[in-house]
Amino acid sequence: MTKIQNAVIGSVRTVIGWVPAGWLPGGTPDPLIERRAAIGRQASRLDGPLKVMGEARFAAEVAMEQLSYAALVHSPITRGRIAGLDTSAAEAEPGVIQIVTHQTMPRLGTLTLIGMTDMSAVGNSDLPIMQDARIHYNGQVVAAVIAETQEQADHAASLIAIDYAEEPAKTVLEEAKADARTPASILIEKNHVLVGNAERELERAAHSIDNVYRTPGHNHNAIELHTVTAAWEGGSLLVHDTTQMVAPSATALAKLFGLKREQVRVLSPFVGGGFGGKGMWDHQIVAIAVARMIGRPVRLTLSREGVYRIIGGRTPSEQRVAIGADAAGKFTALVHSGYSVMPPYSACPEQYTLGSRALYDAKSFEFVQRHVDLDIVPNTFMRAPGEAIGTFAIESAVDELAHAMGIDPLDLRLRNIAQRHPISGTPFSQHALKQAYADGAERFGWDRRQAEPGKLRDGEWRIGMGCATGSFPYARIPGANVRITLRSDGSATISCSAQEMGMGTATVPAQHAADRLGLPLEAIHFELGDSDLPAAPMAGGSSQTVSIAGAIIAGAEKLTGELLRLAGNASPVAGLRAGEVQLTDGGIASIADPARRESYRSILTRAAREDVTVTAAGSMPLEMFKFAMHSSSAIFCELRVSDVTGEVRVDRLLGSFDCGTILNPKTAASQFRGGMIMGLGLALTEETLFDERSGRIMNASLADYHIPTHLDVPQIDVMWTGIPDPRSPLGARGIGEIGITGVAAAVANAVFNATGKRIRDLPITLDKLLPD
């Protein structure tokens, strides 16, 4: 996040802007956009039967001989040092094998922080892990107990006596704002952006609004708890982990423990939800170090409370949004700025202004984010980091301006939707947000909305409708590799270290490979979740599918050349070049004359080969620098608010999405709905209760931290434009995070339409809606 990075990224964009589009990846549309068979089908998840039958083995279920179990002890203070330790009572307990504190923990360095310049970096924090007596945040790991059973470890951990010397800590957001930092960049974007004079245009605007919107911190609550099972075997390390960064974890662990990369193997074929929280944290390092100390495998599963204590989440934010408009409703100024918490030892910003930069045209803009330093668990990414809360602020503000002007809020959005990127002027690769709004409004019945708040009633219930826009950037991460093995029996195996966290990674790439190789889906086997396989990037930023797709495209091109070489002069395709053939119907055929073809079986049999294998890496994602590429959505909500209790009941929720080609409607609909349900939690229930006096999270359990339950979730309808993006592999863009964006604002706007009360402070709880 430096000025140098801004200069480099700016230079790359300038140079790529001069390069003809046809020379870049995506310069010509992927031919599979028009020639599909498996892609676009309602295919069930290929790993579904394994999970239903209980045969999918997760990290906490791996059987090992002499397996031991670990429990952690967490600091109850926020800042200071350990002044005294007494482990004697714990050591005397039956089954205890080892107790580790900062006094006995092996000396280790720190992890390289996650960043945009090093795709192998996995560190969410660069704090030392039990290397000294210092305490940096409430919940920090201060000791670990290893025992023969989990129950023995848990009990012994409760007997460790620790004295602390407390020091003053930074725990109050309002007080810390005075010393906030303004980084030069946010991810790969310049932070402080000025176009024109937005503050002056606000003063001159015929209509304007200027308000502050607040969102609380959120904690990760994946259904599968964070678990690592670590074993050392003859100097090599085997790790079964719940991770969304398999290959990068292996690289990082090799560096940290002084090993060669080939001495580390990370296995994670199934992950029970990640959402940004399943990265590298203290518990993995502790378990691996202890396993080496005792010469036995160690399993460490965080308790639900343990997840809250040492796994970061979404940070609180305070966002100012100001919009000015002329008499015709065209925006003349758009300001989005604010504060979020990001300690200097953490890696993940909350990029809440980035989505706002691509949504609307305006005469002038100003965007800037400031980082507040508090003594808290290192924050990390959480589904649609930044965009989830940023859209709440800007889309609430647009709704406020529409009401003040007496304009339908949907109409005001349509008047200002950008046709090119508003800041850079870069053309969109494909952008059909207006169509998504039109389609969604028609199906939802938006024309039944009453403009006057509180107009519709049903007994004690006030009924309202709201809408909002969602946005999330396209990303294709470099460093995606695949191995393709094609066999003479007409089957193929696609191999890479990709992560399956429940979103369909084992299914959609297999569908893609089937079409790319011209084989039936049942002939494709997809291997993943193993760092010994060709490296894939982390699963994050809605990037994994297109990143792997780019590698499969490169692999198919390389395989085509190898097949032509093996075919030789006796083949019907002899003399043809790779660009003149396609892989189709179980063989290779001339594009100009499809009758000139030969089956894979025939080619490999004549070459006396059982199979042919190629390994390839995806091209550099230069399309991201040439075009503005964003998934977008139009979210509609209808709800009721009780006059008696202030209770909110969401009756209907519809998402209309523009995300390019939908590769598998069944898994895509699940992704969209899952994101929208998380959006309901963001809007109505989820809030990390942080005690500013002690720096401690107060609601570290699912009994006190409220995620949506079945009874909270209404009928959810999803639809999409399905228009392919001509610049991306398969014409697809990300769908994993777009579902959550815009939902909180749509709910808040519907609450206003029902009650006339504008809630700018999430979550929208009943106490904020009770009659005055």
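These numbers come from a predicted model, not from an experiment.

### Quick word on the nonpolar core
In terms of nonpolar packing, the biggest core is built from 80 residues, with Phe-331, Phe-636, Leu-639, Phe-672, Val-747 and Ile-764 touching the most fellow members. No other element matches helix α10 (residues 387-405), which puts 10 residues into this core. Residues contacting Phe-672, with those up to four places away along its chain left out, are Phe-657, Cys-659, Ile-662, Val-718, Trp-720, Ile-735, Ile-738 and Gly-739. Listed in part, the 55 residues of the second largest apolar core include Leu-108, Leu-187, Val-290 and Val-377.

### Things to note about the sheet that holds strand β1 (residues 68-74)
Within a beta sheet, neighbouring strands are joined by backbone hydrogen bonds and run either parallel or antiparallel to one another. In space, the 7 strands of this open sheet follow the order β3-β5-β1-β14-β11-β12-β13, with mixed pairing throughout. On the outer flanks of this sheet lie β3 (96-101) and β13 (264-267), each paired with one strand and no other. Taking each pair of neighbouring strands and ignoring which way they run, the sheet shows an average axis angle of 20°. Taken together, the 3 bridges between β1 and strand β14 (residues 298-301) define a ladder with parallel strand orientation. Its bridge partner being in β14, Ala-70 is matched across the sheet by Leu-300. Relative to β1, helix α4 (residues 150-157) is tilted by about 25°, and along the sheet it contacts β1, β3 and β5 (141-147). Here helix α8 (residues 282-294) sits on the sheet and contacts β1, β3, β5, β11 (227-233), β12 (236-241) and β14; the angle it forms with β11, its principal contact strand, is near 30°.

### Concerning the packing of aromatic side chains
Per the counting criterion, the structure on display carries 11 aromatic pairs. Measuring from centroid to centroid gives 6.1 Å for Tyr-213 and Phe-392, while their planes differ by 90°, and the two rings are edge-to-face. Highlighted residues: Tyr-213 in strand β10 (residues 207-215) and Phe-392 in helix α10, separated in sequence by 179 residues. Residues Trp-446 and Phe-636 carry aromatic rings whose centres are separated by 5.7 Å and whose planes lie at 65° to one another, so their mutual orientation is edge-to-face.

### A word on the pairing of strand β26 (residues 611-617)
Here β26 shows a clear split, with Val-612, Val-614 and Ala-616 buried on one side and none of Asp-611, Thr-613, Thr-615 and Ala-617 buried on the other. Relative to β26, strand β20 (residues 481-487) is paired through 7 bridges, and the arrangement is antiparallel. Within the sheet, the bridge partner assigned to Val-482 lies in β26 and is Ala-616.

### What to know about unusual backbone geometry
Here Leu-762 and Pro-763 are connected by a cis peptide whose omega angle stands at -5°. Along the polypeptide, Pro-763 turns up in the segment after α18 (743-755). Of note, Asp-585 is a non-glycine position whose phi angle comes to about 50°, a positive value. Checked against the element boundaries, Asp-585 lands in the loop between β23 (581-584) and β24 (587-590). Of note, the phi angle at Ala-608 is positive, near 55°, even though the residue is not glycine. Note on placement: Ala-608 falls in the loop between α15 (600-606) and β26.

### Notes on helix α12 (residues 433-444)
Side chains of residues three or four places apart in an α-helix project in the same direction, reflecting 3.6 residues per turn. Relative to the 16 Å expected for 12 residues at 1.5 Å per residue, α12 spans 16 Å between its end C-alpha atoms, a close match to the ideal helical length. Within α12 the residues assigned to the buried category are Leu-433, Ala-436, Tyr-437, Gly-440, Ala-441 and Phe-444. Along α12, the residues classed as buried sweep out an arc of 120° about the axis, all on the same side. For α12, the secondary structure elements touched by its buried residues are α10, α11 (409-416), β19 (461-473), β27 (630-642), β28 (648-658) and β31 (715-720). The first or second residue beyond α12 is Gly-445, which carries a positive phi of 85°.

### Some points on the packing of α10 against α18
Two elements in contact, α10 and α18, have axes whose closest approach is 8 Å; the angle formed by their N-to-C orientations is 30°. Considering the angle they form, α10 stands roughly parallel to α18. α10 and α18 meet at a crossing whose hand is right-handed. On α18, the residues that touch Thr-391, Phe-392, Glu-395, Ser-396, Asp-399 and His-403 of α10 are Ala-744, Ala-745, Ala-748, Asn-749 and Phe-752.

### Looking at the pattern of salt bridges
In the structure shown here, the tally under the stated rule is 37 salt bridges. One salt bridge connects Glu-189 with Arg-13, and the closest N-O pair in it is separated by 2.7 Å. You can see Glu-189 sitting in strand β8 (residues 189-190) and its partner Arg-13 sitting in helix α1 (residues 3-18), a full 176 residues away along the chain. Judged by relative accessible area, Glu-189 falls into the partly exposed class, the value being 26%. Residue classification places Arg-13 among the partly exposed residues on the basis of a relative accessible area of 29%. Among the ionic pairs, Asp-375 bridges to Arg-79, the shortest N-O distance being 3.4 Å.

### Some points on the state of the cysteines
Applying the stated rule across the entire model yields 0 disulfides. Take Cys-467: it sits in no disulfide, and the sulfur closest to it among the cysteines is that of Cys-637, at 10 Å. The buried category is assigned to Cys-467, whose relative accessible area is 0%.

### Some thoughts on the sheet that holds β24
Taken in spatial order, the 3 strands line up as β23-β24-β25 in an open sheet, and their pairing is antiparallel. The open sheet terminates on both sides in strands that have one partner only, identified here as β23 and β25 (597-599). Neighbour to neighbour, the strand axes of the sheet diverge by 20° on average, direction disregarded. Taken together, the 3 bridges between β24 and β25 define a ladder with antiparallel strand orientation. Its bridge partner being in β25, Gly-587 is matched across the sheet by Ser-599. Along the sheet, helix α14 (residues 544-567) makes contact with β23, β24 and β25, crossing β23 at roughly 100°.

### Examining a nonpolar patch on the surface
Taken together, the side chains of Ile-4, Val-8 and Val-12 present a nonpolar region at the surface, about 260 Å² in accessible area. Inspection of the secondary structure puts Val-12 in helix α1. Assessed through its relative accessible area of 31%, Val-12 is described here as partly exposed.

Calculation criteria
Residues numbered from 1 in each chain as written. Predicted model: local features only at pLDDT ≥ 70, side-chain atom pairs only at ≥ 80, totals over all residues. Heavy atoms only, no water. Core = buried A, V, L, I, M, F, W, Y, C linked by side-chain atoms within 4.5 Å. Buried < 20%, exposed > 50% of the residue type's maximum accessible area, 1.4 Å probe, protein only. Helix = DSSP H or I, 4+ residues; strand = E, 2+ residues; numbered from the N terminus. Contact = heavy atoms within 4.5 Å. Pairing = 2+ DSSP bridges. Axes fitted to C-alpha atoms, helices over the stretch in contact; angles between N-to-C directions. Phe/Tyr/Trp six-rings, centres within 6.5 Å; stacked < 30°, edge-to-face > 60°. Expected span 1.5 Å × (residues − 1). Arc of directions from axis to C-beta. Parallel < 35°, antiparallel > 145°, perpendicular 65-115°, else oblique. Left-handed = near helix turned anticlockwise from the far one by under 90°. Salt bridge = Lys/Arg side-chain N within 4 Å of Asp/Glu carboxyl O. Disulfide = S-S within 2.5 Å. Patch = residues over 30% accessible without salt bridge, like charges linked within 9 Å, V, L, I, M, F, W, Y side chains within 5 Å. Areas by Shrake-Rupley, 256 points an atom, 1.4 Å probe, with all protein chains shown as cover.

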